[in-house]
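# Descriptive structure summary
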Amino acid sequence: MSLLEIVKLSRLSRMTALEEYSVEEWRNIFNEFQRIRGEHYLDHAGANLYSETQLQECFRDLSQNLYCNPHTSKSTEDLIDQVRYRILEHFNTDSSKYHVIFTSGTTASLKIVAETFNFTGNHSQFRYLRDSHTSVLGMRELVTSQKIVPIEKDELLAISKGKFHCFPESESKSLIVFPAQCNFNGFKYPLELIENFHSKNLPSDFQNSEWFVCLDAASFVSTNHLNLSHFTPDFVCISFYKIFGYPTGLGALLVSKRAEDALRKRYYGGGTVKIAMSQLNFHEKRDCLHERFEDGTIPFISIISLLHGFSTLKRLIPSTQEARTMERISRHTFNLAKYLRDRLAALKHTSGEDVVRLYSDTDYSSSSAQGGIVNFNILHSDGSFVGFAEFACMASIYNIIIRTGCFCNPGACQRHLKLSNEDVRAHFQAGHICGDAYDLINGIPTGSIRVSMGYMTTKANVDALINMIENCYCRPTKLPVQLESISSMYKRFPVAKMDEIKLEMICIYPIKSCAAFKVFDRWPLTPRGFLFDREWMIVTEKGVALTQKNNTRLCLIRPSIDQERGKMILNFPEMESIDVELKLNVERGRMIEDSSLCQSKVCGDRVQGFDCGEKIAQWLEEALNMPGLRLLRKNNDEKRFFRKNGSLQDCPEISLANQAQFLLINSTSVSWLMDQVRDWDEEGDREGLLSNVIDRFRGNIVIKSSKSLEEAAWKIVRIGQILFKVDGQCTRCQMICIDQRSGEKTAEPLRTLAREFEGKMKFGIYLSQMNDFTNSVLSCIDRIEIVE
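Residues numbered from 1 in each chain as written. Predicted model: local features only at pLDDT ≥ 70, side-chain atom pairs only at ≥ 80, totals over all residues. Heavy atoms only, no water.

## A closer look at the overall build of the protein chain
Regarding its fold elements, the protein chain presents 22 helices and 37 strands. The buried share among the 788 residues of the protein chain stands at 55%. Long-range contacts, defined as pairs at least 24 residues apart, comprise 71% of the intrachain contacts of the protein chain with a sequence gap of at least 6. (Helix = DSSP H or I, 4+ residues; strand = E, 2+ residues; numbered from the N terminus. Buried < 20%, exposed > 50% of the residue type's maximum accessible area, 1.4 Å probe, protein only. Contact = heavy atoms within 4.5 Å.)

Laid out in structure tokens, this is it:
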């Protein structure tokens, strides 16, 4: 972004009271995050972003200094203690009040508390807020208290406002766990609650016990100042990547001096004992709390890197006091969240109905009660829900990165979506699990959409999201308001007669995610599908398979197969073509010339492939403008299968395809879908546009039927003498929104597909061979019969 753009942004921000930073500060921030230009990152509650200078300083530090194991080096040990002091300073406290125990993150910190808290006495309890992270719910499996009770949000808030009788001292020890900020929607819980529990100013069912407070602060501390001199929870659980972005896999458990004797640790590892004997079951733990709890060698390099995270925040968001830096970040993220919430609440369909259903516990009037998070779902004009998986696909087309689902907070998700326990169980029985894309069940959402701000988030990022919602979901529809169900949609299109179905073309995709090689006569089959289909793939320098989701220019690489010459020819605009030998340059058991066997991963499977050499690698790097690319050819001696429901039984062998041997597309169905799209000019080259859209669906077998959408009801298809079993419909993603002739992204046809089928983005059917494939050939003149 240019200086002029930064100045304009700053002026606009001040006019709308959105931004907290000066022009100079914005310039520094933009310089630190140039790698995300063109992307709108709105998942800071999932992970903050690290700055470029932060990593450069870490590298400089490590390259110029020798850091040994702290069990060996006193200087490294002293430096780590300095980091502990720096962490406590960030939270406005010191080592006279709190210990710092390094862990792998918030989850590990919570686990330590659950494992070691000493629930003594007959009246001990473990209480946890129902709207807690899954990691808190998991504590129930470890705590030794006989009384485990969830507490509702309103019940907890009532404690902070009520005045109760303070009960006398007790020998029982109890533990309450709640978040400082809800990671679902950013609601901030009043930390005055901590004093209620310490002073025993509690309702009667909490009495007869000494209470200790465990604060899940992971979401809160990422954009807020936790002042431990004012609020003194007994245990504080944090993850540093939520604050600094780097390093990951590092967190801390802060333990107050009051609470250190409430922990009883049994296991001991290296460095945690004064003495241990191997023949006798005898050991003596160290005196210092963190030395007793940090088993083995701690990640000292990562811990030292935290110093550069602290300095980055102080440099980019300068203030006279460190607390002021976090307070500025808090105001900045809150203002952006309020702006987004207000804009979303104002969106209306032409019918006057709301476009967005918000899930909040505040009216966004105060940053003391609300963090920089907005949670919502999108509604159709008839009030039905848009699935969050559909929304995520649409957002990716607009280069928007957000989080969808339940965010590992099933309690808050269930409460806001008004799901009963029976609903949640029914969703699970229907196949929905945490983290999947099963977003609507019987029209009811299983999760939602979360937008979360960070200190580098701009109004432009938020506006990009608002514009995307307006463009995709606030426009009039051609269909009646009441959408038809998928089943009734199919009933409108009866199965065509056999002589009305033609095989138009066969498409071979030699290189995964590149363009098709189109065949209009005949092509041989193999046990894995069509000969040479998805037999090659391009991998990055890290060995990860490259797809059009990562680089849309892949669609411009057009392979063709010349079997007579034994060559695959690759073409790319304004470049000379290059040949790849079809005959594999290896023999079983040994490699010839410079071929090398490499490993990569496709859809969760580890696959082996042979490197196609340096010449083709250089050609790919130039074409795609990416360094370190390699072309790999699958090792067919190593079989790969499409697993149905996790089982290998009766599963067909596949190549490098994502799911099935074949994908069938009906051009009549594509033509029907085009008629539903509002943005495509029907007066233009209809045939050319139809061909372009067919290419987007990347089918192997392209047919033409007299009836659209009928293929979804087929079960067994015979083409010539070959029987194919239908393995279900293909769930579409943002790939179909990439113009296969230009590599440009569009919102269609995914937007229309999702609208027409109530969020079920399925189009085309998967096929697998049922009979013997030996010497089988599929021909475009073969007769097609729908067996079942």
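## What about the side chain of aspartate 727?
Here aspartate 727 lies in strand β34 (residues 722–731). Exposure remark for aspartate 727: the relative accessible area of 16% places this residue in the buried category. Only 2.8 Å separates the side chain of aspartate 727 from the side chain of serine 768, close enough to count as a polar contact. (Polar contact = N/O pair within 3.5 Å; in protein donor to acceptor, adjacent residues only side chain to side chain.)

## Points about the sheet that holds strand β12 (residues 373–378)
Reading across from one edge, β11-β12-β17-β14 is the order of the four strands in this open sheet, with antiparallel pairing throughout. With partners counted over all chains shown, the strands left at the sheet margins are β11 (356–358) and β14 (403–405), one partner each. Each adjacent strand pair in this sheet contributes to an overall mean axis angle of 35 degrees, direction not counted. Two elements, β12 and strand β17 (residues 448–452), share four bridges in a ladder whose sense is antiparallel. (Pairing = 2+ DSSP bridges. Axes fitted to C-alpha atoms, helices over the stretch in contact; angles between N-to-C directions.)

## What to know about the state of the cysteines
Across all of its chains, the model carries one disulfide by this definition. Through a disulfide, cysteine 406 is tied to cysteine 413; the S-S separation comes to 2.0 Å. The sign of the -50 degrees torsion about the S-S bond sets the cysteine 406-cysteine 413 disulfide as left-handed. Judged by its relative accessible area of 24%, cysteine 406 falls in the partly exposed class. Unpaired in this structure, cysteine 472 has its nearest cysteine sulfur neighbour in cysteine 737, at a distance of 8.7 Å. (Disulfide = S-S within 2.5 Å.)

## Some points on the sheet that holds strand β19 (residues 517–519)
In space, the eight strands of this open sheet follow the order β19-β18-β32-β31-β35-β34-β33-β37, with mixed pairing throughout. Two strands in the sheet have a free side with no partner beyond their single neighbour: β19 and β37 (784–786). With strand direction ignored, the average angle separating the axes of adjacent strands in the sheet is 30 degrees. As judged from the three bridges shared by strand β33 (residues 716–719) and β37, these two strands associate in the antiparallel manner. Paired with arginine 718 across the bridge in β37 is glutamate 785. Together, β18 (502–508), β31 (662–666), β32 (701–704) and β35 (762–769) form the strand contacts of helix α20 (residues 667–676), whose direction differs from that of β31 by roughly 55 degrees.

## Some thoughts on the pairing of strand β6 (residues 210–216)
Of all seven residues that make up β6, seven are buried, and the element is covered over most of its length. With three bridges connecting them, β6 and strand β7 (residues 235–239) associate as parallel partners. Looking across to β7, one finds that aspartate 216 is bridged to cysteine 237.

## Remarks on the pattern of salt bridges
Per the counting criterion, the structure on display carries 43 salt bridges. For arginine 130, the salt bridge is made with glutamate 152, and the minimal N-O distance between the two is 3.4 Å. Placement of arginine 130 in the loop between β3 (126–129) and α6 (134–137) and of glutamate 152 in the loop between β4 (148–151) and α7 (153–161) is noted, with a sequence separation of 22 residues between them. Aspartate 287 is the salt-bridge partner of lysine 274, the closest N and O atoms lying 2.9 Å from each other. Here the residue lysine 274 occupies a position in strand β9 (residues 273–277), and aspartate 287 occupies one in the loop between β10 (282–285) and α11 (289–293), the gap between them amounting to 13 residues. (Salt bridge = Lys/Arg side-chain N within 4 Å of Asp/Glu carboxyl O.)

## What to know about the packing of helix α14 (residues 388–397) against helix α17 (residues 459–473)
It is the contact of α14 with α17, at a shortest axis distance of 11 Å, that shows an interaxial angle of 115 degrees. With respect to the hand of their crossing, α14 and α17 are arranged in right-handed fashion. Of the residues in α17, those touching α14 at Glu390, Phe391, Met394 and Ala395 are Leu465, Met468, Ile469, Cys472 and Tyr473. Across the contact of α14 with α17, the residue classes tally to eight nonpolar, no polar and one charged. (Left-handed = near helix turned anticlockwise from the far one by under 90°. Nonpolar A, V, L, I, M, F, W, Y, C, P; charged D, E, K, R; others polar.)

## Focus on the packing of helix α3 (residues 52–64) against helix α12 (residues 300–316)
To describe two helices that pack against each other, one gives the angle between their axes and the distance between the axes. Contact geometry of α3 with α12 gives a least axis separation of 9 Å together with a crossing angle of 140 degrees. Taken together, the axes of α3 and α12 lie oblique to each other. Between α3 and α12 lies a crossing whose hand is right-handed. Contact residues: Thr53, Gln54, Glu57, Cys58, Asp61 and Leu62 in α3; Ile301, Ile304, Ser305, His308, Gly309, Thr312 and Arg315 in α12. Class assignment of the residues belonging to the contact of α3 with α12 gives a composition of four nonpolar, six polar and three charged. (Parallel < 35°, antiparallel > 145°, perpendicular 65-115°, else oblique.)

## Some words on the packing of aromatic side chains
Scanning the entire structure with this criterion turns up 23 aromatic pairs. When the ring of phenylalanine 517 is compared with that of tryptophan 523, the centres are 5.7 Å apart and the planes differ by 75 degrees; the resulting orientation is edge-to-face. On the accessibility criterion, phenylalanine 517 (17% relative accessible area) is buried. The class of tryptophan 523 is buried, set by a relative accessible area of 6%. Measuring from centroid to centroid gives 6.2 Å for phenylalanine 532 and tryptophan 536, while their planes differ by 35 degrees, and the two rings are tilted. For the pair shown, phenylalanine 532 and tryptophan 536 are each scored as buried. Here the aromatic residues Phe117, Phe119, Phe126, Tyr128, Phe212 and Phe235 are joined through ring pairs into a cluster of three or more. Its end group placed over the ring of phenylalanine 206, arginine 127 keeps NZ or CZ at 4.1 Å from the ring centre. Between the NZ or CZ atom of arginine 258 and the centre of the ring of phenylalanine 212, over which it lies, the distance is 4.3 Å. (Phe/Tyr/Trp six-rings, centres within 6.5 Å; stacked < 30°, edge-to-face > 60°. Lys NZ or Arg CZ within 6 Å of the ring centre and 35° of its normal.)

## Considering the nonpolar core
Phe391 and Ile538 are the most contacted members of the largest nonpolar core, which totals 119 residues. Ignoring any residue separated from it by four or fewer positions in sequence, one finds phenylalanine 391 in contact with Phe376, Ile378, Ile402, Ile449, Leu465, Met468, Ile469 and Tyr473. In this structure, Val213, Leu254, Met326 and Tyr455 belong to the second largest nonpolar core, which totals 74 residues. (Core = buried A, V, L, I, M, F, W, Y, C linked by side-chain atoms within 4.5 Å.)

## Digging into the environment of lysine 163
Mapping lysine 163 onto the fold places it in the loop between α7 and β5 (173–179). Lysine 163 sits 40 residues away from proline 203 along the chain, and the two C-alpha atoms are 8.6 Å apart.

## Considerations on the pairing of β17
The element β17 is extensively covered by neighbouring structure, given that five of its five residues are classed as buried. Neither face of β17 is open: one carries Ser448, Arg450 and Ser452, the other Ile449 and Val451, and all of them are buried. Pairing of β14 with β17, which is carried by three bridges, proceeds in the antiparallel orientation. Paired with threonine 404 across the bridge in β17 is isoleucine 449.

## Describing α12
Working note: α-helix, 3.6 residues per turn, so residues spaced by three or four point in the same direction. For α12, which comprises 17 residues, the first-to-last C-alpha distance of 25 Å matches the rise-based estimate of 24 Å (1.5 Å per residue) to within 8%. For α12, the complete set of buried residues consists of Phe300, Ile303, Ile304, Ser305, Leu306, His308, Gly309, Phe310, Thr312, Leu313 and Leu316. Looking at the buried side of α12, the elements it contacts are α2 (23–32), α3, α4 (74–90), β2 (98–103), α10 (241–244) and α13 (322–346). (Expected span 1.5 Å × (residues − 1).)

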